[in-house]
Amino acid sequence: MPDTSAYYHAAYVLAGVLYGGYVLSLWWRARRWRK
Amino acid sequence: MTTVQAPAPTPVAAPGATRPIFDWLLVLAVLGVIGAGIRIVLFTPFEAKQGAAQKIYYIHVPAALSTYFALTVAACMSIVYRWLHDERADRLAESAGEVALLFATVVLTTGPIWGKPIWGAWWTWDARLTLTLFLWFVTAAYLVLRGAVDDHAMRARYSAVLAILATLLIPFIHLSVYLFRTLHPMPIVLKPERPSLPAEMLTTFLLSVGAFAFFAAALMRARYRLALLREQAEAA
């Protein structure tokens, strides 16, 4: 079996960053509009 | 002479504007995605030929299906807006469009990371990849258009047409692997015949599809509430 774990980890970390970043942007925009 | 000053008008909140952006539904959806992640990482076997990179499949394809789901919501709500001129439909279309762009971004970034070890290239201009990139640009244009037009009715009308047109790309993207000679693999689950995945992998895939679709719906609801909050702030 080829060792492709670096790509696997990179994809999951990147997806986590994108989803987490979007949730954070929702929170930040809500905070700004509440002010 | 005494003067009586009229009391200042009390600001009236738009219905639902005071509801929290993040609530139990989003928490439940995040827990669902984490649960699917645990099953993918700990309880799903590695594929023999591709190794660990094959597990990118469990986030790449559900993200693509969630993009289609969110764009279909945006198109349906755009049709409802064109028909009934209901502000809620326009607001939901905007929310779904933004969530669709997020999921499409995940598709277009996880895809090349999977492609590199398997195809030997990060990107190839085949029909499936190019059409998906085109869908990303049209969805981004939809959001840019919404931000660029000040007149509310005009913005809702123009963007509704763009959302409907963007959604028309979905069947072409899905069928592109049949219509053209592409490097992208054929569907192994969403096809007329029985799925070609082993039972363990198929269960993980279906759980992941459900978790991501639920997450997309929860994000759309949170984004809808943010739109309400923005309208309230702009009206104040």
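Quick notes on the rules
- Residues numbered from 1 in each chain as written.
- Chains lettered and ligands numbered in written order.
- Predicted model: local features only at pLDDT ≥ 70, side-chain atom pairs only at ≥ 80, totals over all residues.
- Heavy atoms only, no water.
- Axes fitted to C-alpha atoms, helices over the stretch in contact; angles between N-to-C directions.
- Helix = DSSP H or I, 4+ residues; strand = E, 2+ residues; numbered from the N terminus.
- Parallel < 35°, antiparallel > 145°, perpendicular 65-115°, else oblique.
- Contact = heavy atoms within 4.5 Å.
- Nonpolar A, V, L, I, M, F, W, Y, C, P; charged D, E, K, R; others polar.
- Buried < 20%, exposed > 50% of the residue type's maximum accessible area, 1.4 Å probe, protein only.
- Left-handed = near helix turned anticlockwise from the far one by under 90°.
- pLDDT = per-residue confidence, 0-100.
- Patch = residues over 30% accessible without salt bridge, like charges linked within 9 Å, V, L, I, M, F, W, Y side chains within 5 Å.
- Areas by Shrake-Rupley, 256 points an atom, 1.4 Å probe, with all protein chains shown as cover.
- Salt bridge = Lys/Arg side-chain N within 4 Å of Asp/Glu carboxyl O.
- Expected span 1.5 Å × (residues − 1).
- Buried area = accessible area lost by both parts, 1.4 Å probe.
- Core = buried A, V, L, I, M, F, W, Y, C linked by side-chain atoms within 4.5 Å.

**Brief notes about the packing of helix H4 (residues 127-148) of chain B against helix H5 (residues 152-167) of chain B**
Two quantities define a packed helix pair, namely the angle between the helix axes and the distance between the axes.
Residue and element names in this part refer to chain B.
Working step 1: With their axes 9 Å apart at the nearest point, H4 and H5 run at an angle of 170 degrees to one another. Classed by the angle they form, the pair H4 and H5 counts as roughly antiparallel. Counting all contacts with H4, which are made through Leu135, Val138, Ala141, Tyr142, Leu145 and Arg146, the residues of H5 involved are Arg155, Tyr158, Ser159, Leu162, Ala163 and Ala166.
Working step 2: Considering only residue class, the contact of H4 with H5 consists of 9 nonpolar, 1 polar and 2 charged.

**Comments concerning the environment of phenylalanine 134 of chain B**
All names here are of chain B.
Working step 1: Residue position: phenylalanine 134 is located in helix H4.
Working step 2: Note on phenylalanine 134: relative accessible area 46%, which makes it partly exposed.
Working step 3: In this structure, the C-alpha to C-alpha distance between phenylalanine 134 and alanine 89, residues 45 residues apart in sequence, is 25 Å.

**Quick look at the packing of helix H1 (residues 24-43) of chain B against helix H7 (residues 199-235) of chain B**
Residue and element names in this part refer to chain B.
Working step 1: Remark: H1 packs on H7, axes separated minimally by 8 Å, with the N-to-C direction vectors making an angle of 155 degrees. With respect to their mutual orientation, H1 and H7 come out roughly antiparallel. The chirality of how H1 crosses H7 is left-handed. For the pair H1 and H7, the contacting residues are Trp24, Leu25, Leu26, Leu28, Ala29, Val30, Gly32, Val33, Ala36, Arg39, Ile40 and Phe43 in the first and Glu200, Thr203, Thr204, Leu207, Ser208, Ala211, Phe212, Phe214, Phe215, Ala218, Leu219 and Arg221 in the second.
Working step 2: Considered class by class, the residues forming the contact of H1 with H7 number 17 nonpolar, 4 polar and 3 charged.

**Description of the confidence of the model for chain B**
Residue and element names in this part refer to chain B.
Working step 1: Looking at chain B, the pLDDT average stands at 90 and 92% of residues meet or exceed 70.
Working step 2: Scored below 50 in pLDDT, residues 6-13 makes 2 contacts in the model with residues more than four places away or belonging to other chains.
Working step 3: Taken over the whole predicted complex, pTM reads 0.90, whereas the ipTM for its chain interfaces reads 0.96.

**Focus on a nonpolar patch on the surface**
Residues and elements named next belong to chain B.
Working step 1: On the surface, a cluster of nonpolar side chains totalling about 990 Å² of accessible area is made up of Trp24, Val27, Leu28, Val30, Leu31, Ile34, Ile38, Val41, Leu42 and Phe43.
Working step 2: Counting through the fold element by element, isoleucine 34 comes out in helix H1.
Working step 3: Accessibility expressed as a relative area gives 46% for isoleucine 34, which makes it partly exposed.

**With respect to helix H3 (residues 87-119) of chain B**
Residues and elements named next belong to chain B.
Working step 1: Spanning 33 residues, H3 covers 46 Å between terminal C-alpha atoms, matching the ideal 48 Å at 1.5 Å per step.
Working step 2: Taking burial as the measure, the 33 residues of H3 include 24 buried ones, the bulk of the element.
Working step 3: Once H3 ends, the next one or two residues include glycine 120, with phi positive near 85 degrees.

**Concerning the interface of chain B and chain A**
Working step 1: Chain B puts 41 residues into the contact, and the matching count from chain A is 21 residues.
Working step 2: Across the chain B to chain A interface the summed buried area is about 2,700 Å²; carbon plus sulfur atoms make up 78%.
Working step 3: Contact with chain A buries area across many residues of chain B, yet Phe22, Ile113 and Leu226 of chain B alone supply 18% of it, more than any other trio.
Working step 4: Taken together, chain B and chain A are joined by 1 salt bridge.

**Topic: the nonpolar core**
Nonpolar side chains in soluble globular proteins tend to be buried together.
Working step 1: If you look at the biggest cluster of nonpolar residues, it comprises 63 residues, and the most contacted ones within it are Tyr19 of chain A together with Tyr57, Val99, Phe103 and Leu219 of chain B.
Working step 2: Those elements that provide at least two residues to this core are helix H1 (5-34) of chain A together with H1, helix H2 (57-84), H3, H4, H5, helix H6 (169-179) and H7 of chain B.
Working step 3: Looking at this core, the element that brings in the most residues is H7 of chain B, giving 12 residues.
Working step 4: The contacts of phenylalanine 103 of chain B, once residues within four sequence positions are left out, are Tyr19 of chain A together with Ala63, Ser66, Thr67, Phe212, Phe215, Ala216 and Leu219 of chain B.

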